[in-house]
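# Structural description and commentary
These are the residues of each chain, in order.
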Amino acid sequence: MKTLVKYSLVLTASLTCNIATAANTQDFPFDLPDTKPDMPLSASTARNYDAYLAPRQEDNELYTQFKYTKLKGFDYNDGDGTISRRDPSKIIFENGQYYVWYTKRHTKTPPIGGGNAHLATDELATADWDLSDIWYATSKDGFTWQEQGVAVPRPPKPNVGWRSVTTTDILKWQGKYYLYYQGFMEASGKRGDDCPVAVSYADSPDGPWTPHNEIVIPNGKPGAWDQYSIHDPYPLVHKGKIYIYYKSDFGNTTKGGKKKQLVRMHGLAIGDNPLGPFKKHPLNPILAAGHETTLFPFKEGVAALAIRDGNERNTIQYAKDWVNFEIASHVEMMPVAAGPYVPDAFTDTKYGRGITWGLSHFTAVNGWEINYSELARFDVDLSLDVHDPAMKKHSI
Ligand code: AAL
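Worth saying up front: this structure is predicted, and the values here are computed from it rather than measured.

### Some details on the overall build of the chain
The number of helices and strands found in the chain is three helices and 23 strands. Out of the 396 residues belonging to the chain, those deemed buried represent 52%. Across the chain, contacts joining residues at least 24 apart in sequence account for 54% of those joining residues at least 6 apart. Carbon and sulfur atoms form 54% of the exposed surface of the chain, whose accessible area is close to 19200 Å².

### Overview of empty space enclosed by the protein
In this structure the tally under the stated criterion is two cavities of 30 Å³ or more. Contributing elements (two or more residues each) for the lining of the largest cavity: strand S7 (164–173) and strand S11 (231–238). Counted by class, the lining of the largest cavity contains five nonpolar, five polar and five charged residues. Each pocket or cavity is described by its volume, and for the second largest cavity that value is around 60 Å³. Together, Tyr245, His266, Gly267, Ile286, Leu287, Glu292, Thr293, Thr294, Leu295, Ala304, Leu305 and Phe325 line the second largest cavity.

### Digging into the environment of Glu123
Among the structural elements, Glu123 can be located in the loop between strand S4 (97–106) and strand S5 (133–139). Separated by 188 residues in sequence, Glu123 and Asn311 place their C-alpha atoms 38 Å apart. Glu123 has contacts with Thr107, Lys108 and Leu131, leaving out every residue within four places of it along the chain. In this structure the side chain of Glu123 is engaged in a polar contact, spanning 3.1 Å, whose partner is the side chain of Lys108.

### Concerning the confidence of the model for the chain
Here the chain averages 90 in pLDDT, and 88% of its residues register 70 or above. Per-residue pLDDT stays below 50 along residues 1–23; that stretch engages in one contact with residues further than four places along the chain or on separate chains. Taken as a whole, residues 391–396 scores under 50 in pLDDT and shows twelve contacts with residues more than four places along the chain or in a different chain. Here the predicted complex carries an ipTM of 0.97, next to a pTM of 0.90.

### Overview of the packing of aromatic side chains
This model, assessed by the stated rule, comprises 19 aromatic pairs. Relative to Tyr102, the ring of Phe74 lies with its centre 5.8 Å away and its plane at 80°, an arrangement referred to as edge-to-face. With Phe74 in the loop between strand S1 (67–70) and strand S2 (83–86) and Tyr102 in strand S4, this residue pair connects regions lying 28 residues apart in the sequence. Assessed through its relative accessible area of 12%, Phe74 is described here as buried.

### Structural notes on the site of the ligand
Around the ligand, the neighbouring residues are Arg86, Asp87, Trp129, Thr167, Gln182, Asp193, His231, Asp232, Lys247, His291 and Glu292. The side chain of Asp232 places a nitrogen or oxygen atom 3.0 Å from an oxygen atom of the ligand. Calculation on the ligand without its partners gives an accessible area of 280 Å², and the protein chains cover 96% of this total. Split into classes, the residues belonging to the shell around the ligand amount to one nonpolar, four polar and six charged.

### Thoughts on the environment of Trp101
Within the element layout of this structure, Trp101 appears in strand S4. Owing to a relative accessible area of 0%, Trp101 belongs among the buried residues under this scheme. As for Trp101 and Ala151, which are separated by 50 residues in sequence, their C-alpha atoms are 7.9 Å apart.

### Topic: the nonpolar core
Among the nonpolar cores identified, the biggest contains 70 residues, and Trp101 and Tyr245 are the most heavily contacted of them. Among the nonpolar cores identified, the runner-up in size contains 15 residues, and Leu71, Ile83, Tyr98 and Leu375 belong to it.

So, how was this worked out
- The written sequence of each chain sets the order in which its residues are numbered from 1.
- Restriction of local features to residues with pLDDT of at least 70 applies here, the model being predicted, together with a cutoff of 80 or more for giving and counting side-chain atom pairs; totals for whole chains, interfaces and linings are based on all residues.
- Side-chain measures were taken over the full set of non-hydrogen atoms in the model, leaving aside hydrogen atoms and water.
- Each helix corresponds to a stretch of at least 4 residues labelled H or I by DSSP, and each strand to a stretch of at least 2 residues labelled E; elements are numbered beginning at the N terminus.
- Each residue gets one of three labels from its accessible area relative to the maximum for its type: buried under 20%, exposed over 50%, partly exposed in between, using a 1.4 Å probe on protein chains only.
- Contacts: residue pairs with any heavy atoms within 4.5 Å of one another.
- With residues, only the protein chains shown are counted as cover, and all accessible areas are computed by Shrake-Rupley using a 1.4 Å probe.
- Only protein atoms enter the 1 Å grid used here, on which a cavity is any set of points holding a 1.4 Å probe that cannot leave and a pocket is any open set flanked by protein within 12 Å on both sides along at least five of seven lines; residues with an atom within 4 Å of a point are listed as lining.
- Grid points are joined across faces, edges and corners, and a volume is the space filled by probe spheres set on the points.
- Polar here means any residue outside two lists: the nonpolar Ala, Val, Leu, Ile, Met, Phe, Trp, Tyr, Cys and Pro, and the charged Asp, Glu, Lys and Arg; Gly therefore counts as polar.
- In the analysis that follows, any N or O atom pair within 3.5 Å is treated as a polar contact, provided that within protein one partner can donate a hydrogen and the other can accept it, and provided that, for residues neighboring in sequence, both atoms belong to side chains.
- The predictor rates its confidence in each residue with pLDDT, a number between 0 and 100.
- Any pair of Phe, Tyr and Trp rings, taking the six-membered ring for Trp, is counted once the centres come within 6.5 Å. Such a pair is stacked with planes under 30 degrees apart, edge-to-face with planes over 60 apart, and tilted for the rest.
- One heavy atom within 4 Å of a molecule or strand is enough for the residue carrying it to be called near that molecule or strand.
- By convention a nonpolar core is built from buried Ala, Val, Leu, Ile, Met, Phe, Trp, Tyr and Cys residues, the set being connected through side-chain atoms within 4.5 Å.

As structure tokens, then:
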């Protein structure tokens, strides 16, 4: 009885308190308003309206969680480090099936590590992506894949990429196919990662691929932010032109015997001809965070996954003009090196629909060194189709 009286007293007090609060018009309302209320707001609450697509994360079309599924069809020698598949391209749908291209290493031993680069031979890989070729696989459902063989092999020395060809992405342009990739001229660990971008082309996604044997996106001038490397080329079609987003590592130097920290940022190069020349955007770097590139047309603009590096890591960003990115959402467990299925990547869409799945990679490490990588599928709801009212109940 005593407890009951005590409880009802507390309840009455708290009800009175709530009523008093609601009467105060200056209080931020209990029901989170859809638009920014006209009242004094803390910096964080104001930013919740000014900086994001919607104040509630569930209404933010560029907020998502990531779900991962193991793929069927790829053999990894029981994970002994001698077979690796990583850095998948965007996925395209042609001839009734999905296609993906990726870096494949098949060496006798696992990588020996960049610190042992002086021991590298034509058979001993230093990094997971050293001594690799570009392979491709097809699938009917995106879960079970059939490896079809090599698409772009390492060319003979001294051609671009003789040491390793990696980290490719696909462009379809005027009925032909173009694979852009990093062309290594030295082992990783011996500054081989300071590599430019090369391209091969074909009439069919099944090849054969003809190497252009020229650098299509050169490194920046000495002193420029992208002087060391052009990585992760990622082509999309916009306004009748080819937009290639890429990443550069900079600060990749030693000073006074001390390794300076790597800084990763993204640039954009635009061209009319897939074999170049490409003109770098004057506002480069256009995205000051992230590692591997993953973008997709979204509404009028383009969205980017900024993973792993920089102050704005673990965000999805949006650029209505395809150049000036703003943070759209903060997310977690992002796919590494994601290659999504982007149905409107090359259609020059005026209103991008977004993405629902793709491939990414997971790495298995041995101490600090990557032993090998494995491709996996990710699913997301970064698509307008998912956010259409009729589809609102869809969940991954
Ligand atoms: C990747 C990419 C590039 C780097 C290395 C292989 O995930 O960012 O391709 O050079 O790691």
